[in-house]
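Overview (structure and organization)
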Amino acid sequence: VQLQASGGGLVQAGGSLRLSCAASGGIFSINDMGWYRQAPGKERELVASITSGGSTNYTDSVKGRFTISRDNAKNTVYLQMNSLKPEDTAVYYCNADGLTGGFRWFASWGQGTQVTVSS
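First, a word on scope: everything that follows refers to the structure included in this document. (Residues numbered from 1 in each chain as written. Predicted model: local features only at pLDDT ≥ 70, side-chain atom pairs only at ≥ 80, totals over all residues. Heavy atoms only, no water.)

**Some words on the overall build of the protein chain**
When its secondary structure is counted, the protein chain shows zero helices and 11 strands. Mapped from its N terminus to its C terminus, the protein chain presents α and β elements in the order β-β-β-β-β-β-β-β-β-β-β. Against the 2.2 N^0.38 benchmark of 14 Å for 119 residues, the protein chain shows a C-alpha radius of gyration of 14 Å, consistent with a compact globule. On the principal axes, the C-alpha backbone points of the protein chain span a range of 50 × 25 × 20 Å. Taken across its 119 residues, the protein chain has 39% of its residues classed as buried. Residue pairs at least 24 apart in sequence account for 54% of intrachain contacts in the protein chain once pairs closer than 6 positions are excluded. Computing the positive centroid from 10 side-chain charges and the negative centroid from 8, the protein chain places the two 4 Å apart. (Helix = DSSP H or I, 4+ residues; strand = E, 2+ residues; numbered from the N terminus. Rg over C-alpha atoms; globule rule 2.2 N^0.38 Å. Buried < 20%, exposed > 50% of the residue type's maximum accessible area, 1.4 Å probe, protein only. Contact = heavy atoms within 4.5 Å. Lys, Arg positive; Asp, Glu negative; His and termini not counted. Charge placed at Lys NZ, Arg CZ, Asp CG, Glu CD.)

Following this line, the structure appears as structure tokens:
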């Protein structure tokens, strides 16, 4: 199963970006989908996640600013990022797990997309 992320870029503080991540390749069902980020010199951290039923979870630093959503028909997860801050600068990775068409469990990562917020 492959995940293709897109939507990163350079934005000024206070601006917005929308990340997308599409999963493909012999998928039967997707369980959880999420976005992680890794800033230079820091560990990768969970930003937001969403279950197949639509329940969401956010790290405290993005609550009220970021919104995660998914389109199950398109096997795609989105991250709407508003009121961006310089400390949001990082490489953002999407993640998904579930079952393949052969009923094997998968857990896959996207390739990462750079988000840079200037002050």
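Anyway, onward from the coordinates.
**Structural notes on the nonpolar core**
If you look at the biggest cluster of nonpolar residues, it comprises 29 residues, and the most contacted ones within it are Trp35, Val47, Phe66, Ile68, Leu79, Met81 and Tyr92. Taken together, the elements giving at least two residues each to this core come down to β1 (2-6), β3 (17-24), β4 (27-38), β5 (45-50), β7 (66-71), β8 (76-81), β9 (90-100) and β11 (113-118). (Core = buried A, V, L, I, M, F, W, Y, C linked by side-chain atoms within 4.5 Å.)

Nothing here speaks to function; it is all geometry.
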